[in-house]
Amino acid sequence: MLVSAKEMLTKAKAGKYAVGQFNINNLEWTKSILLTAEELKSPVILGVSEGAGKYMCGYKTVVGMVNGMLDELGITVPVALHLDHGSYEGAKACIEAGFSSIMFDGSHYPIEENVAKTKELVAVCNEKGMSIEAEVGSIGGEEDGVVGAGECADPEECKMIADLGVTMLAAGIGNIHGKYPENWAGLSFETLDAVQQLTGDMPLVLHGGTGIPEDMIKKAISLGVSKINVNTECQLSFADATRKYIEAGKDLEGKGFDPRKLLAPGADAIKATVKEKMELFGSVGKA
Ligand code: 13P
């Protein structure tokens, strides 16, 4: 059964480790992530962007697929199904469809409007026992065509949003989605420290987990980050393994064109990436 992310993140914050949010795109992604979490006895959060939700035929299909897998793969570790960077309408649709967690990304609204909409969604999520993530300070890079600049959040605004009763808070600290450019300035630990001082026990979320050096990840966890989002890195490892398979001409050998064979190296590559991240984040054995 899907669970809210609240308990796993409260434990992570107290235990000084982070739970990974791995974004899903299709059946192979979902299966690879769930099997790895189960094998490593790690809690896990499956992230679904609005674009990926559409791609997978809509939120109800996603909920059906994930619930089916939890049952038929015998998954016993805590799993949350979470809307990633949800719009107000998207958040409502996911609540309706049976997600166990949502992110309402109101970072592009003026703060008053972000507050009003977040408040309303917090009340609905509380009533349903769901977790809700809010964002302050836009996370840069491109995601589903939305490009942000990678700004640093105002710690006072973070406190204001945290006090609305959200479960976890994403604060921009110079992180961006996708690959980091050569001249990236790195994470702003000053901002993170200030946010954590003001928000206390609130689990903090680090978006753009792909390509952040290990020492920065560890330092971020030590400063209160308890959820780290990874998307692009699984896509890169999947694409790389699939390309190798094709370039080696394996799809032309025997029944190598069978999708179950063709997609297997990519699915294994996702597993390896997820494993590496869970080890780095410290969530192994914490289920
Ligand atoms: P990356 O694609 O950079 O790993 O970011 C993922 C993310 O933050 C999803 O919200």
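Up top is the structure these notes are about.
Participant: Break down the overall build of the protein chain for me, with residues and values.
Facilitator: In terms of helices and strands, the protein chain carries 12 helices and 10 strands. For the protein chain, the C-alpha radius of gyration of 18 Å lies close to 19 Å, the compact-globule estimate for 287 residues. On the principal axes, the C-alpha backbone points of the protein chain span a range of 60 × 45 × 35 Å. A burial count over the protein chain gives 58% of its 287 residues as buried. Here the contacts in the protein chain between residues at least 6 apart in sequence split such that 71% fall between residues at least 24 apart. Entry remark: accessible area of the protein chain is about 12600 Å², with carbon and sulfur atoms responsible for 53%.

Participant: Please give an account of the site of the ligand that cites residues and values.
Facilitator: As a matter of local geometry, the ligand sits amid 14 residues, with Asp 84, Gly 178, Gly 208, Thr 210 and Thr 232 nearest to it. In the environment of the ligand, an oxygen atom lies 2.4 Å from a nitrogen or oxygen atom belonging to the side chain of Thr 210. Contacts to the ligand include Asn 231, whose backbone N or O atom sits 2.8 Å from an oxygen atom. Within the complex, 99% of the 300 Å² of free accessible area of the ligand lies under protein.

Participant: A description of the packing of helix α2 (residues 27–40) against helix α4 (residues 59–72) should follow, citing residues and the corresponding values.
Facilitator: At a minimum axis separation of 11 Å, α2 and α4 run at an interaxial angle of 35°. α2 and α4 meet at a crossing whose hand is right-handed. Residues Leu 27, Thr 30, Lys 31 and Leu 34 of α2 pack against Met 65, Val 66, Met 69 and Leu 70 of α4. Residues that form the contact of α2 with α4 fall into these classes: 6 nonpolar, 1 polar and 1 charged.

Participant: Any details on the pairing of strand β5 (residues 131–136)? Residues and values, ideally.
Facilitator: Burial runs high along β5: 6 of the 6 residues are buried. Alternating positions in β5 separate into two faces, Ser 131, Glu 133 and Glu 135 on one and Ile 132, Ala 134 and Val 136 on the other, with burial throughout. Pairing between strand β4 (residues 101–104) and β5: 4 bridges, direction parallel. Residue pairing for β5: Met 103 is matched across the bridge by Glu 133. At this point the chain moves from β4, through helix α6 (residues 111–128), to the parallel β5, and the crossover so formed is right-handed. In this sheet, strand β8 (residues 168–171) lies alongside β5 in parallel orientation, the contact comprising 4 bridges. Across the sheet, residue Val 136 finds its bridge partner in β8, namely Ala 171.

Participant: Give a description of the sheet that holds β5 that names residues and reports values.
Facilitator: Sheet architecture is closed into a barrel: 8 strands sit in the order β1-β2-β3-β4-β5-β8-β9-β10, paired in parallel fashion. Within the sheet, the average angular offset between the axes of one strand and its neighbour, ignoring direction, is 25°. Pairing geometry for strand β2 (residues 44–49) and strand β3 (residues 79–86), over 6 bridges, is parallel. Bridge pairing in β3 links Ile 45 to Ala 80. Contacts between helix α1 (residues 6–15) and the sheet are confined to β1 (19–23), β2, β3, β5, β8, β9 (204–206) and β10 (225–230), with β10 contributing the most and set at about 120° to the helix.

Participant: Run through the pattern of salt bridges, naming residues and quoting values.
Facilitator: Across all of its chains, the model carries 12 salt bridges by this definition. The residue Lys 117 makes a salt bridge to Glu 113 at a minimum N-O spacing of 2.9 Å. Separated by 4 residues within a single helix, Lys 117 and Glu 113 lie in helix α6, roughly one turn from each other. A relative accessible area of 32% places Glu 113 in the partly exposed class. We note a salt bridge from Lys 227 to Glu 133, for which the minimum N-O separation is 2.6 Å.

Participant: Outline the environment of Val 122, supporting the account with residue identities and numerical values.
Facilitator: Residue position: Val 122 is located in helix α6. Residue class for Val 122 comes out buried when judged on its relative accessible area of 4%. Separated by 20 residues in sequence, Val 122 and Ile 102 have C-alpha atoms that sit 9.9 Å apart.

Participant: Before we move on, could you go through the state of the cysteines and cite the residues and values that matter?
Facilitator: The tally for this structure, following the rule as stated, stands at 0 disulfides. Cys 125 supplies the cysteine sulfur nearest to Cys 94, a cysteine that is in no disulfide, at a spacing of 10 Å. A residue is classified by how much of its surface remains accessible, and Cys 94, at 0% relative accessible area, is buried. With no disulfide of its own, Cys 158 has Cys 152 as its nearest cysteine by sulfur position, at a separation of 10 Å.

Participant: Account for helix α9 (residues 214–222), with residues named and values stated.
Facilitator: Regarding α9, the residues found buried are Met 216, Ile 217, Ala 220 and Ile 221. Summarising the axial view, the buried residues of α9 lie within an arc of 140°, below the 170-degree limit, and thus occupy one face. Residues Glu 214 and Asp 215 are exposed on α9 and point more than 90 degrees away from its buried face. Considering only its buried residues, α9 is in contact with α8 (189–199), β9, β10 and α12 (264–281). A positive backbone phi angle near 105° is found at Gly 224, which sits one or two residues after α9.

Thresholds applied
- Residues numbered from 1 in each chain as written.
- Predicted model: local features only at pLDDT ≥ 70, side-chain atom pairs only at ≥ 80, totals over all residues.
- Heavy atoms only, no water.
- Helix = DSSP H or I, 4+ residues; strand = E, 2+ residues; numbered from the N terminus.
- Rg over C-alpha atoms; globule rule 2.2 N^0.38 Å.
- Buried < 20%, exposed > 50% of the residue type's maximum accessible area, 1.4 Å probe, protein only.
- Contact = heavy atoms within 4.5 Å.
- Areas by Shrake-Rupley, 256 points an atom, 1.4 Å probe, with all protein chains shown as cover.
- Near = heavy atom within 4 Å.
- Polar contact = N/O pair within 3.5 Å; in protein donor to acceptor, adjacent residues only side chain to side chain.
- Axes fitted to C-alpha atoms, helices over the stretch in contact; angles between N-to-C directions.
- Left-handed = near helix turned anticlockwise from the far one by under 90°.
- Nonpolar A, V, L, I, M, F, W, Y, C, P; charged D, E, K, R; others polar.
- Pairing = 2+ DSSP bridges.
- Right-handed = clockwise from strand over helix to strand, strands pointing away.
- Salt bridge = Lys/Arg side-chain N within 4 Å of Asp/Glu carboxyl O.
- Disulfide = S-S within 2.5 Å.
- Arc of directions from axis to C-beta.

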